[in-house]
Every structure is written in C-alpha cells, then in structure tokens.
Amino acid sequence: MASYCLTVTRLQLVLGQGARRLHVSAALSAKAKVAMSRFEPGSSINYEQLRTNIDIVRKRLNRPLTLSEKIVYGHLDDPAGQDIARGRTYLRLRPDRVAMQDATAQMAMLQFISSGLPRVAVPSTIHCDHLIEAQAGGAQDLQRAKEVNQEVYNFLASAGAKYGVGFWKPGSGIIHQIILENYAYPGVMLIGTDSHTPNGGGLGSICIGVGGADAVDVMAGIPWELKCPNVIGVKLTGSLSGWTSPKDVILKVAGILTVKGGTGAIVEYHGPGVDSISCTGMATICNMGAEIGATTSVFPYNHRMRTYLEKTGRGDIAALAEEYKEDLIPDPGCHYDQIVEINLSELKPHINGPFTPDLAHPVEDIGAVAEKNGWPLEVKVGLIGSCTNSSYEDMGRAASLAKQALDHGLKCKAQFTVTPGSEQIRATIERDGYAKILSDVGGVVLANACGPCIGQWDRRDVKKGEKNTLRPSTGSGCNPGPVFLPEIVTALAIAGTLKFNPEKDFLTAANGEKFKLEPPTGDELPARDFDPGQDTYQHPPKDGGTLRVDVNPQSNRLQLLEPFDKWDGKDLEDLQVLIKVKGKCTTDHISAAGPWLKFRGHLDNISNNLLIGAVNIENDGINSIRNQLTGEYGGVPDVARHYKKNGLQWAVVGDENYGEGSSREHAALEPRHLGGRVIIVKSFARIHETNLKKQGLLPLTFADPHDYDKIRPDDKICIKGLKTFAPGKPLTAVIKHKDGSQDTIELNHTFNETQIEWFQSGSALNRMKELQH
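As the structure is a computational prediction, the values presented were derived from the model and not from experiment. (Residues numbered from 1 in each chain as written. Predicted model: local features only at pLDDT ≥ 70, side-chain atom pairs only at ≥ 80, totals over all residues. Heavy atoms only, no water.)

Participant: Account for the overall build of the protein, naming residues and giving values.
Facilitator: Counting its regular elements, the protein contains 24 helices and 30 strands. Against the compact-globule benchmark of 28 Å for 773 residues, the protein has a radius of gyration of 25 Å, which places it among compact chains. With respect to the principal axes defined by its C-alpha atoms, the protein has extents near 80 × 65 × 55 Å. By the burial criterion, 63% of the 773 residues in the protein qualify as buried. (Helix = DSSP H or I, 4+ residues; strand = E, 2+ residues; numbered from the N terminus. Rg over C-alpha atoms; globule rule 2.2 N^0.38 Å. Buried < 20%, exposed > 50% of the residue type's maximum accessible area, 1.4 Å probe, protein only.)

Laid out in structure tokens, this is it:
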C-alpha cells in the first residue's frame, strides 16, 4: 500500500503546479552546476546525488560494487529501502533522460498524449532517422523523405513543442550517434526507444533500450521498473592492431554468449585492454551488445572518454567526471556473475552472419565457409555506416583503404554505400576529404540516417529471392542473403569477392602489378575539431501548452489510441491458438520493418503485418495459418481480425528467446489490438516480455519446455488461476484438443505486483490514468 500511495503522490506532483522531483535537478547539487547538454542549460549533472546513493547502497550490501551497479543503484528511487538482489528483485529507478527515434516516437508520443499529462518530467528528445529510404543519394533521399513523411514529421515536431521534447529534424543523423555526441556522459542513465540505445555505454553511460510505454513512464515522472540485472564481466587484455577492430570484440563476445546469453544482464568491460580502444570504438561494442540480449553494456570512464567529451565541446563535463572518477569505475574486488576474458592481441578480424548476429567467421575462413554452404561468393554491395560503425574513426579507416585502391588505379568492384552517423560526421568527413575519397572509389554517400541497415532501401540490383551476400533485417521487405557487418566490407567491396583475405591476398593494380592492402588506419578524432554542419535541432518552447497537436481522423499514417479493455475478473477460457510458431521469432518476424515503418503511428494499419514473418509449425508456411472457424487458410493478421470480429480471443505459442531483436512495442501492441490475450513460449527476450506486460497481455513460459510439444495448432487453451494471480505463483493452462482429450500444464511468469495491476487494468497506460484520479 505504501508504494501505491507514493506513486499517486508523485503523479500528483507531476500534474500539479510544476513541482516535480527531477533526479538531475541542479537544486540538489552542492557543486558547480554543469549542464547535461548545451541544449538544456537548466538541467544539471548531479554527481553528488549519484555518489550519495552509491554510498548508501554500498554500506547496505557491505561489498564492492561493479560500475554498472554504481550507476544503476545510483539512480534508485529509494536507495535506503529498495530490495536489491541481482536477477530477482525489480528496481524502481529514476533515469535522467529519454530519447526516441521517429518510428517508435510516434507511438510513444501518442501514448503520452493519452496520459493527459501537460509536459515531460525529464529531458527528452525525438530523432528523425528511421523513415528516410536510401535510393539515389543523401540530398535527394532526404528531400523525398521530407515530402513522403511530412505528416509524421509535423506531428512529432508539434507534439515535441507542446510537451517539452527536443526535436532533431530529418537529416540530423542516427539517434545513437547524436546521443553520443550530445547527451551521453559518464554516469548518466538514459532510456531510449531503440534496442541499440546501449551505444552510449562507450561514454560510460547506462543506456537501455525500451518500448514506448516505458518511455512514457519516465517522461511522466513515474519510477521506472527494471529487474535487477546480473553483471557479466568481460576482461580485456592486450591491444587491438592491424585489421582487427572493435567490432571483432563484440563478435567474439556474441560467439561465446549467443543471442540470448546476455539476457537479464549488463555486460561490463574492464581490464588493461580497455585503454587501447577509442571512445567511439567502445560505443560500437556496446551498441552491438544488443544482439546478445543484454540489458546494456558499459565501459569504465577513462582518458579516451575525456578526450571525446572535450572534442565534442563538453570539456566542463569531462572536468566534472574527473572529479568524480571513483564513482565512474568499478570498485576493486567487485564480483561478476560470469567472466569472459579476451586477449585483444590475439583477436582476428571477423565478419558475422549469415542470418544471426552470434555467428561470426574469421575473414581468412569466410570464402571456404561460403563455398561449403553454397553462399554466393560475389559481393554485390558493401555498406559502411549505420549506427554501429559510422564514427569519424570508422570513416577514416575505410577511406585509408579506398585511398590505397585509388592509388593503384582501382575502384570498388561491388556497389558501395556510405552512411554518415550524423550531420556533424558528414560535414567533417567532407571538410577533411574522406567523403571525396570514398566517392572516388565508387561510393554513394547516403543521408544521415539508418537506411539499408533496417531495410529502408529501395534496392534494385538483385531480384527478390535471388541469393546475395547481404541481408537487412528479417521481414524488412528487402532481398535476403547472409549478413556481414564490420568495416572489413570496404576491402571486400574493392575485391568484389568473399574469397579475398586482405591480411594475405594480393590485388592486381591497373598497371598489372600485384599489391597488398595495408591495414586500415584512421584518426580517432579530427585534428581540427568537428564541423557541426547544418543546425538541425528544434528547441521546445518554454511553454508550449497552448499549442495544438492535430491528428486527421482520415490519416493512414497516424491514429489516436483507444484504451484497451480491462480484465473482466475471470479466468481466460477457450483461447484459440492463432499460430504455433516454429523456431526463431524475432520482433522482425512479429512486426516487420522496411516498408511497414510508414505505419508506425497507425496501430490498425500496422497490425496488418502481425506475425507475417513467423513460421507456422503446421505447414512450415509463412503468413499461412488455418482459420479454425472457416477451415480455410489465410494470412495471420486476416485470421486474427476474423477471430476478433467473431468474439474469439486467441493465444500465440512460441519457441526460445521469443521477441529478440528490436525494442519495437508494435510487436506487443498489434496482438493486443487484434484480440490476443496470451503469449506462451519457452523463453522471452527481455524488452519484448516487458512490452507485452505493458499492453495488458500475459507473457507466460512453459514450466517444462517439452510441454511446447503438447500444444497442437488447432487447440484451445484455458488459463486458470488469474483470480489469485500473484508474483512467483505459476498459472495453469488446460489444453483442449479437437479429439476431446485434454492436457494440463504449468506456466511460469515474471510479473510483480505493479505489473499484475497493469494486466488487471488492461494496460500500464490505463493504470497510469487510474492513478491520476
């Protein structure tokens, strides 16, 4: 009852006369005020409060703390009273800020509008990076995106202005690069509506990817819940050199831990090898940690971070971080739940794929592996950039290879595209000549956006279904093929074949001479500082309360939300199995990206992609399931709509690590909208499980994974025990087969008391609105 009253009181504070408890409030700091960013001079970094909280928790636990524990526990809402047990208890946290990319910000802002709150309670930003389709080149693609997405951009800009959210216009750059350049700093806790938000860990931050409903909680000033993470320590020794790059570190870690090995844990890098990696290199490693299911990843504060802060105009933050450095590194003797050791001096260059990020091959082996598996050897397109490897250093290393090719009269044999991470990176590589070198070798510089990496690519060089050496996100609508990510693709694009090992193999110059490429080199940061390029940021007005945010009822891109129905107080009876999913089912399978991104603000329209990429175990078909009311086969969303129209609620049955990948909450909103009530699987990816809970669905796991085999595609399922639904208490499922027989199985869940209230109220948003009254 105490926590309930506390929540009501805080909500009233948010809704009242503007007296809100902002964790980073400058009023709490006894030290000199240093702004969190140049865009928010009124919000100051509060290391003093972080230190106070760390000291309270360290005394309570009576042991040394890891770095991730310091930052996470340093943001506890109640450090003196919070129950803290790794992997078991739920923490109530006060993140410092929120960041949203445009595809997910639409639904997040629609939910925030539905909350009825007047203004966000923490610094928040929107970044327009997902809706720009790569086609002809940066300037043309950006202009076309502004025309095609005008309605969405206007909505996000006006909603940001009304509710106090900073707005980064299309062309600004990829959200994670913008955060690293402007908002991340050692010790900050940031949540972002994109699974690769952990990129900020390269600057000593705890940055966590979440769904839009979680972002709404933080923007509303409500304590945000996170299961207390385990901590995986990765000890780095030696140093990177030659062809080996930071991407090889995370590819090695992914190979060891697999795509779900980091679930429920923060990956914390430490050891003497850390200092051999640049700040943006550390960011790359943390960014790709999302691919192993980790809550986030983080590096300890060091001189590389200080230099990066100074070069990006934040010397005052660097000086303050130096003052509090002991709080921004792990305590000596701290305990990790698991330790992985990697000698960077022995690490070899890898490329990853196909089809899964935890499958990596040494470059020297990939040609033979491709031949053995029947993969095409011809490199059709080389892509460099994306949120993972688009820093100044990355561009410089790629340009150093391109320059060698040009000096020998060569150009890329494959198509070659370059995606700058931000407007600042674009302007700087143009000034310093990198862009011209990459263009001269055959490259096309695309807009500062996600582009091909997420399937936003009008690809025309191969026919759909034709095997090739590149695959964007599953279900993106682009032509599939194996995935190869790291910067080594520059060398492969020059050679045009996977059978090229740049460490050993020779190229033939235009004059017939043989030569080897020297290992790539690139300055960590520009000697002449960064060129900021065009100003693409829109400050929210101090008082935007009188502004209007209109949504056209006839729009096919935007749709105001209707609240989901509340639980009726009864057990769930006779839920029809909609689909029994076979094998891997990521958020791309559940809610495809690519051409579907345009509908991210319109729940009913985007629901037409529900589970269209999932494999039906009954027929190994994709988007082909039997309608149990008609006996005919149809697409998954079509059958779901038919069930909903006829009052038949349904369930989905899935396999391991269900919902891995992107943070997109549409993968939870869509099944709820079309009549789904329960998702039963062997195991869940963290973000997706939380997203399902937020929307009033029941994510449940088999107590015995073999019970997956007992469910048939035409079964009906009853969920028993909801009247006494409680944390740690399993529920029961009665499986009714068509032949009249039944099976009874036990289902586990990870709901806590607050999350059970979400289910009972119909969604977390419904519960928030109840607490306002």
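Participant: Tell me about helix α9 (residues 246-257), and please be specific about residues and values.
Facilitator: End to end, α9 covers 17 Å across twelve residues, agreeing with the expected 16 Å (1.5 Å per residue, within 8%). Of all twelve residues in α9, nine are buried, a share of seventy percent or more. For α9, the full list of buried residues reads Pro246, Lys247, Asp248, Val249, Ile250, Leu251, Val253, Ala254 and Leu257. Just past α9, the residue Thr258 takes up positive phi, approximately 70°. (Expected span 1.5 Å × (residues − 1).)

Participant: Quick one: what's the story with the environment of Lys580, residue by residue and with numbers?
Facilitator: Its place among the elements puts Lys580 in strand β20 (residues 572-580). Distance in space between the C-alpha atoms of Lys580 and Ile126 is 37 Å, their sequence separation being 454 residues. If near-sequence neighbours (up to four positions away) are discounted, Lys580 is found in contact with Val615, Asn616, Ile617, Val653, Tyr708, Asp709 and Ile711. Among the polar contacts listed, one links the side chain of Lys580 to the backbone oxygen of Tyr708, at a separation of 2.8 Å. (Contact = heavy atoms within 4.5 Å. Polar contact = N/O pair within 3.5 Å; in protein donor to acceptor, adjacent residues only side chain to side chain.)

Participant: Give a detailed account of the sheet that holds strand β25 (residues 650-653), specifying residues and quantitative values.
Facilitator: Strand order in this closed barrel of seven strands is β20-β25-β26-β27-β30-β29-β28, and the pairing throughout is mixed. For this sheet the average axis-to-axis angle between neighbouring strands, irrespective of direction, equals 40°. In the sheet, β20 pairs with β25 via four bridges, with the strands oriented parallel. Across the sheet, Gln576 pairs through a bridge with Trp650, a residue of β25. Together, β20 and β25 form the strand contacts of helix α20 (residues 636-645), whose direction differs from that of β20 by roughly 165°. (Pairing = 2+ DSSP bridges. Axes fitted to C-alpha atoms, helices over the stretch in contact; angles between N-to-C directions.)

Participant: Any chance you could break down unusual backbone geometry for me, citing the residues and the numbers?
Facilitator: Even without being a glycine, Asp574 presents a positive backbone phi close to 50°. On the secondary structure map, Asp574 appears in strand β20. Judged by its relative accessible area of 30%, Asp574 falls in the partly exposed class. Phi angles above zero are rare outside glycine, and Leu611 is one such case at about 55°. With respect to the secondary-structure elements, Leu611 resides in the loop between α19 (603-606) and β21 (615-616).

Participant: How would you explain the packing of aromatic side chains if you had to name every residue and give the values?
Facilitator: Two aromatic rings, taken as a pair, are described by how far apart their centres are and by the angle between their planes. Enumeration according to the criterion identifies 17 aromatic pairs in this entry. Taking the centre distance of 5.8 Å and the plane angle of 85° together, the rings of Phe725 and Phe759 count as edge-to-face. With Phe725 in the loop between β28 (716-720) and β29 (731-736) and Phe759 in helix α23 (residues 753-761), this pair connects stretches of sequence that are 34 residues apart. Accessibility classification places Phe725 together with Phe759 in one group, the buried group. Put simply, the rings of Phe39, Trp168, Tyr183 and Tyr537 touch in pairs and so form one group of aromatic residues. Cation over ring: Lys682 sits above Tyr708, and NZ or CZ is 4.6 Å from the ring centre. (Phe/Tyr/Trp six-rings, centres within 6.5 Å; stacked < 30°, edge-to-face > 60°. Lys NZ or Arg CZ within 6 Å of the ring centre and 35° of its normal.)

Participant: An account of the nonpolar core is needed here, citing residue identities and associated values.
Facilitator: A general feature of soluble globular proteins is that nonpolar side chains tend to end up buried together. By size, the foremost hydrophobic cluster in this structure holds 171 residues, and its most contacted members are Leu236, Tyr269 and Phe299. What Phe299 contacts, discounting residues up to four positions off in sequence, is Leu67, Gly201, Gly204, Leu236, Tyr269, Val274, Ile277, Met282, Ile285, Cys286 and Met305. (Core = buried A, V, L, I, M, F, W, Y, C linked by side-chain atoms within 4.5 Å.)

Participant: Give a detailed account of the pairing of strand β27 (residues 698-702), specifying residues and quantitative values.
Facilitator: Across a regular strand the side chains alternate sides, sitting on one face of the sheet and then on the other. Of all five residues in β27, five are buried; the element is thus mostly enclosed. Sheet topology places strand β26 (residues 676-681) next to β27; four bridges connect them, and they run parallel. Within β27, the residue paired with Ile679 across the bridge is Pro699. For the handedness criterion, the β-α-β arrangement of β26, helix α22 (residues 686-694) and β27 is classed as right-handed. (Right-handed = clockwise from strand over helix to strand, strands pointing away.)

Participant: So what about the pattern of salt bridges? Which residues, and what values?
Facilitator: Here the structure, examined in full by the defined rule, presents 42 salt bridges. In this structure, Arg63 engages Glu69 in a salt bridge whose closest nitrogen and oxygen atoms are separated by 2.7 Å. What makes Arg63 partly exposed here is its relative accessible area of 28%. By relative accessible area, Glu69 is classed as buried at 2%. (Salt bridge = Lys/Arg side-chain N within 4 Å of Asp/Glu carboxyl O.)

Participant: Break down helix α2 (residues 47-61) for me, with residues and values.
Facilitator: Across its 15 residues, α2 extends 21 Å between first and last C-alpha, which sits within 8% of the 21 Å expected from 1.5 Å per residue. Check the buried side of α2 and you find it contacts α3 (67-73) and α12 (315-323).

Participant: Quick rundown of the environment of Gly545? Include the residues and the values.
Facilitator: Take Gly545: it is sitting in the loop between β19 (537-538) and β20. Given a relative accessible area of 44%, Gly545 falls into the partly exposed group. A sequence separation of 427 residues divides Gly545 from Pro118, and the C-alpha atoms of the two residues are 6.9 Å apart.

Participant: Explain the UniProt feature "domain: Aconitase A/isopropylmalate dehydratase small subunit swivel" (unreviewed entry) in the protein to me, and be specific about the residues and the numbers.
Facilitator: Residues annotated in UniProt with the feature "domain: Aconitase A/isopropylmalate dehydratase small subunit swivel" (unreviewed entry) correspond here to residues 576-704. In this annotation, residues 576-704 is assigned 27% helix and 22% strand; the end-to-end C-alpha distance for the span is 21 Å. (UniProt positions renumbered as here; feature names shortened; annotations may be inferred.)

Participant: Which residues make up the pairing of strand β2 (residues 97-101), and what are the values?
Facilitator: Burial of β2 is extensive: five of the five residues sit out of reach of the surface. Because side chains alternate across β2, one face comprises the buried residues Arg97, Ala99 and Gln101, and the other comprises Val98 and Met100, equally buried. Pairing of β2 with strand β5 (residues 189-192), which is carried by three bridges, proceeds in the parallel orientation. When the sheet's bridge partners are listed, Arg97 is paired in β5 with Leu190. When β2 meets strand β3 (residues 124-127), the two strands line up parallel, connected through four bridges. Along β3, the bridge assignment pairs Val98 with Ser124.

Participant: Outline the side chain of Thr490, supporting the account with residue identities and numerical values.
Facilitator: Mapped onto the secondary structure, Thr490 falls in helix α17 (residues 489-495). Using a relative accessible area of 1% as the deciding quantity, one classes Thr490 as buried. In this structure Thr490 touches Ile384, Ala398, Leu401 and Phe416, once residues within four positions along its chain are discounted.

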